[in-house]
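Working through the structure, step by step
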Amino acid sequence: MELGLLAAGIGAGIIAIGAGIGIGMIGKGAVESIARQPEASGDIRGAMILTAAFIEGVALIGAIICILLALGVGG
Amino acid sequence: MFRHVFVSQSLSPLKVAFVTLLVLFGSFGVGLSASATGVANASDADAAETEESSSPIDVMGKIADHDYIESPFGKVYLPRIFWVDGQFYTYSSTKKALASGDFIEKEGVIYRADETPITIDLSITSHLVYVWLGFILALLISLWAASRYRRGIGRTSAPKGALHNIYEILYLFIRDDVIQGYIPKEKAPRYTPLLFSMFMAIAFMNLFGLLPWAATATADLTVTATLAFVTFIVTQASGTKTYWGHIFNFPGVPLLVKFILTPVEILGLFTKPLALCFRLFANMLSGKIMIISILGLIFIFTELFGATVGVGSSVIWVSLTAVLYGLKVFVALLQAYIFTLLSAVFIGGALEEHHHEEHDVEHNDVKVMDPINA
Amino acid sequence: MMMSLFLAGSSLLSFNTGFAIWILISLIVFLGIMYKFALPPIIKGIEEREQSIQSSLDAAEKALREAEKISKDNEEVVREAERTAQSIRKEATKEVEEFRAERMEKAKEEAEKLIEDAKKSIDQEKQKALQELRKEVTDLTIEATTRLLQKNVDSETNRKLIDETINDLSKN
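Keep in mind it's a predicted model, so treat the numbers as computed, not measured.

Comments concerning the overall build of chain C
A count of helices and strands for chain C gives three helices and zero strands. Counted from the first residue to the last, chain C has its helices and strands arranged as α-α-α. With 172 residues in all, chain C has 19% of them scored as buried. Of the accessible surface of chain C, which amounts to about 13,800 Å², a share of 57% is contributed by carbon and sulfur atoms.

Structure below.
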């Protein structure tokens with residue numbers, strides 16, 4: 001029982017690390033490109049949000065699995 | 001009265017916002033303590049449940065769907081509608097349904113008296129009420145704006161008033177940046193009303209969730225799944241020959257690869273709206289859980305270390321919640337935007353008429369090979 | 001307790017069919033009203049305004065271009081007029097010059113003619129005078145010779161002789 005909760009917690013942490021790295025890299029790329037080409041900032045922002053949304057989607061599916069784990073064990 | 005407050009110059013909008021937040025948090029606290037006492041009462045009634053919910057606040061109870069809506073004046077019970085074996089049963093509340101004798105409750109699940117499970121539970125729930133509220137608010141504002149445009153304000157002159165301006169900015173943003181950015185321009189007008197309506201509805205549902213006693217309708221998987229289902233249907237319905245060709249018969253790859261690629265593409269058909277629905281659901285849910293948990297720390301601290309520590313530490317939790325609330329307002333609008341954006345991207349992808357890449361590759365190959373042959 | 005009644009049917013991640021049906025119905029009604037009543041005036045209104053702004057911008061640009069064209073035309077006209085004036089003046093000057101030259105020529109010719117006539121008449125007068133003079137001289141000479149010779153000389157023969165002499169003289 002406790003191990004299941006632990007798994008859910010560790011899973012959520014790993015998801016956070018992965019998504020954080022991914023979104024951080026997107027942010028880095030976007031900020032750098034905006035600094036290099038301020039006139040294209042609108043397009044870059046749109047692409048950034050889109051890509052971040054895709055990463056977020058993957059991360060959220062992982063998070064849902066973690067919630068399922070935690071609920072299945074603890075709830 | 002509010003008009004007066006907003007108009008008077010001595011009160012800055014920041015102050016007004018602060019006061020409003022204080023009032024909101026005050027009612028939130030009332031709601032939380034009410035639910036805490038509710039749990040306490042329930043534990044009095046049922047000793048078994050006391051062990052289960054030892055936590056002073058019920059996080060899951062705050063985010064789950066209910067057969068009542070919480071208001072600042074207390075609970076309002078909603079009608080129950082059951083459909084069992086081709087027969088409708090309607091009651092004004094769950095209590096009435098059980099009191100009538102036609103339905104019994106067993107381990108938290110409602111059955112008909114003869115123990116047949118309910119086929120479809122068409123009850124009005126708290127989330128449904130907030131879905132309706134979101135729709136109605138979006139409709140009212142749109143109809144109000146429409147009447148203004150019909151009268152000529154905004155059509156022949158510039159839009160007047162903050163609300164009208166905000167409405168138009170949102171509309172133009174959705175139309176120009178979201179829809180026309182991803183859907184071919186000649187086909188965009190067909191999808192503008194749908195996507196803008198979805199944006200408005202989701203935004204209002206998200207924003208309703210910010211009310212302390214209200215439920216976030218979009219923090220319910222059923223709601224987001226239904227919304228994503230609409231996107232899915234529209235996407236498939238507007239799919240062109242190229243789109244279907246790319247799914248079932250990917251051009252330019254050998255037959256063996258097609259056997260692997262087609263299932264992947266078909267899977268991708270469903271994962272896209274699935275991710276869409278989970279994204280909105282999880283974002284709204286996590287925000288709600290976070291706020292309740294952080295405010296709940298006051299009660300947990302009170303239980304663990306006594307009332308002094310609990311009340312003293314509340315300064316930290318309340319200020320943290322205030323920051324989170326600001327973030328949640330942003331996230332509420334951002335998620336509505338992202339839902340609309342991704343819907344537009346999916347629909348735009350389905351509308352793609354002609355794929356340039358293969359042709360370019362073919363041309364390049366020819367160009368590369370010609371000099372060698374020559 | 002009531003809450004738990006509901007939760008069992010719809011936990012956090014479950015899909016509630018009845019609820020979905022409600023949402024779908026409300027969504028269709030919502031979209032229907034939006035499509036039918038709310039959005040068309042908004043979409044049309046904004047489009048109309050955009051078009052009117054665009055058309056007024058276009059009209060302004062067109063007017064500007066027209067004004068530019070008109071001013072250019074005006075300039076052209078002024079330049080044309082100047083050119084015409086210049087050419088007229090030049091022509092007039094030329095005409096005057098020609099006229100003057102013609103008059104001068106004519107005057108010269110007339111003067112020459114006059115001089116010629118005068119010379120001719122002078123010549124005639126001179127011839128006449130010479131002839132008269134010759135006759136006079138001849139007469140005088142004859143008289144003088146007659147006086148000198150009297151009878152001696154036949155008047156006829158002498159006259160001949162004197163004429164020859166005078167002719168010689170006149171040749172000189």
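Let's talk about the layout of surface pockets
All names here are of chain A. When its volume is computed, the second largest pocket comes out at roughly 880 Å³. Examining the composition of the lining of the second largest pocket, we find that twelve residues originate from one element, helix 2 (residues 41-74), more than from any other. Its residues assigned to classes, the lining of the second largest pocket comprises 27 nonpolar, six polar and one charged.

With respect to the sheet that holds strand 3 (residues 80-84) of chain B
Residue and element names in this part refer to chain B. Read across the sheet, three strands follow the order 4-3-7 without closing on themselves; strand pairing throughout is antiparallel. For this open sheet the edge positions go to strand 4 (87-91) and strand 7 (120-121), each flanked by a neighbour on one side alone. Bridge count for strand 3 against strand 4 is five bridges, and the pairing is antiparallel. Looking at strand 4, one finds that W83 is bridged to F88.

Considering the packing of helix 7 (residues 162-182) of chain B against helix 2 (residues 17-149) of chain C
Interaxial distance between helix 7 of chain B and helix 2 of chain C falls to 12 Å at its minimum, and their mutual angle equals 80°. Looking at the two axes, helix 7 of chain B sits roughly perpendicular to helix 2 of chain C. Each of B:Y167, B:E168, B:Y171, B:L172 and B:R175 in helix 7 of chain B lies in contact with helix 2 of chain C, whose residues at this interface are C:L39, C:I42, C:I43, C:I46, C:R49 and C:E50. Within the contact of helix 7 of chain B with helix 2 of chain C, the residues separate by chemical class into seven nonpolar, no polar and four charged.

Considering a nonpolar patch on the surface
Nonpolar side chains collect at one region of the surface, where B:L255, B:L256, B:V257, B:F259, B:I260 and B:V264 lie side by side and expose about 670 Å² of accessible area between them. Mapped onto the elements of the fold, B:V264 is located in helix 11 (residues 255-305).

Quick look at the interface of chain B and chain C
Across the contact, 66 residues belong to chain B and 39 residues belong to chain C. Where chain B abuts chain C, roughly 4,600 Å² becomes buried across the two surfaces, and 76% of that area is made up of carbon and sulfur atoms. Our enumeration of links across chain B and chain C arrives at two salt bridges. For C:R49, the salt bridge identified is with B:E168, shortest N-O distance 2.4 Å. Considering each element in turn, the side of chain B that touches chain C owes the most residues, twelve residues, to helix 6 (residues 126-151) of chain B.

Thoughts on helix 7 of chain B
Residues and elements named next belong to chain B. Taking 1.5 Å per residue as the helical rise, helix 7 with its 21 residues ought to reach 30 Å, and the 29 Å between its terminal C-alpha atoms agrees with that figure. A bend of about 25° at I174 is the largest found in helix 7. Listing the buried residues of helix 7 in full gives H164, Y167, E168, Y171, I174, R175, V178 and I179.

Thoughts on the packing of aromatic side chains
Residues and elements named next belong to chain B. Under the defined criterion, the tally for this structure stands at 16 aromatic pairs over all chains. Seen from their ring centres, F301 and F305 are 5.6 Å apart, and the 80° between their planes marks the pair as edge-to-face. With F301 and F305 both in helix 11, this residue pair falls four residues apart, about one helical turn. When its relative accessible area of 22% is taken as the criterion, F301 is described as partly exposed. One aromatic cluster is present, built from ring pairs that chain together F82, Y89, Y91 and F103. The aromatic ring of Y77 is capped on one face by K95, whose charged end is 5.4 Å from the ring centroid. The cationic tip of K328 hangs over the ring face of Y325; the distance from NZ or CZ to the ring centre is 5.9 Å.

What counts, and at which threshold
- Sequence order sets the numbering: in each chain, residues are counted from 1 along the sequence as written.
- For naming, the first written chain is A and the first written ligand is 1, with later ones following in the order written.
- Confidence filtering applies because this is a predicted model: local features only for residues at pLDDT of at least 70, side-chain atom pairs given and counted only at 80 or more, and all residues used for totals across whole chains, interfaces and linings.
- Note that water and hydrogens are dropped before the side-chain values are worked out from all heavy atoms of the structure.
- Put simply, DSSP H or I for four residues or longer makes a helix, DSSP E for two residues or longer makes a strand, and each gets a number counted from the N terminus.
- Only protein chains enter the calculation, and the probe is 1.4 Å; a residue is then buried if its accessible area is under 20% of its type maximum, exposed if over 50%, and partly exposed in between.
- All accessible areas in this document rest on Shrake-Rupley with a 1.4 Å probe, and a residue is counted as covered only by the protein chains that are shown.
- Only protein atoms enter the 1 Å grid used here, on which a cavity is any set of points holding a 1.4 Å probe that cannot leave and a pocket is any open set flanked by protein within 12 Å on both sides along at least five of seven lines; residues with an atom within 4 Å of a point are listed as lining.
- Grid points are joined across faces, edges and corners, and a volume is the space filled by probe spheres set on the points.
- Residues are grouped as follows: Ala, Val, Leu, Ile, Met, Phe, Trp, Tyr, Cys and Pro are nonpolar; Asp, Glu, Lys and Arg are charged; every other residue, Gly included, is polar.
- One bridge is not enough; two strands pair if DSSP finds at least two bridges between them.
- A fitted line through C-alpha atoms serves as each axis, taken over the contacting stretch for helices, and the angle formed by two N-to-C directions is quoted from 0 to 180°.
- Just so you know how the angles are binned, under 35 degrees is roughly parallel, over 145 roughly antiparallel, 65 to 115 roughly perpendicular, and the rest oblique.
- Between two residues, a contact is recorded if the distance between any of their heavy atoms is within 4.5 Å.
- Two joining distances apply to patches: 9 Å for like charges and 5 Å for nonpolar side chains (Val, Leu, Ile, Met, Phe, Trp, Tyr), and every residue must have over 30% relative accessible area and no salt bridge.
- A pair is scored as a salt bridge if a Lys or Arg side-chain nitrogen falls within 4 Å of a carboxyl oxygen belonging to Asp or Glu.
- Once two parts are put together, the accessible area they lose, assessed with a 1.4 Å probe and summed over both, is termed the buried area.
- The span you would expect from a helix comes to 1.5 Å times its residue count less one.
- What the bend at a residue measures is the angle between two axes, fitted to the seven residues ending there and to the seven starting there.
- Any two of the Phe, Tyr and Trp rings considered here, Trp counted by its six-membered ring, make a pair once their centres fall within 6.5 Å; the pair's planes then place it as stacked at under 30 degrees, edge-to-face at over 60, or tilted in between.
- Cation placement over rings: the criterion is NZ of Lys or CZ of Arg within 6 Å of the ring centroid and within 35° of the ring normal.

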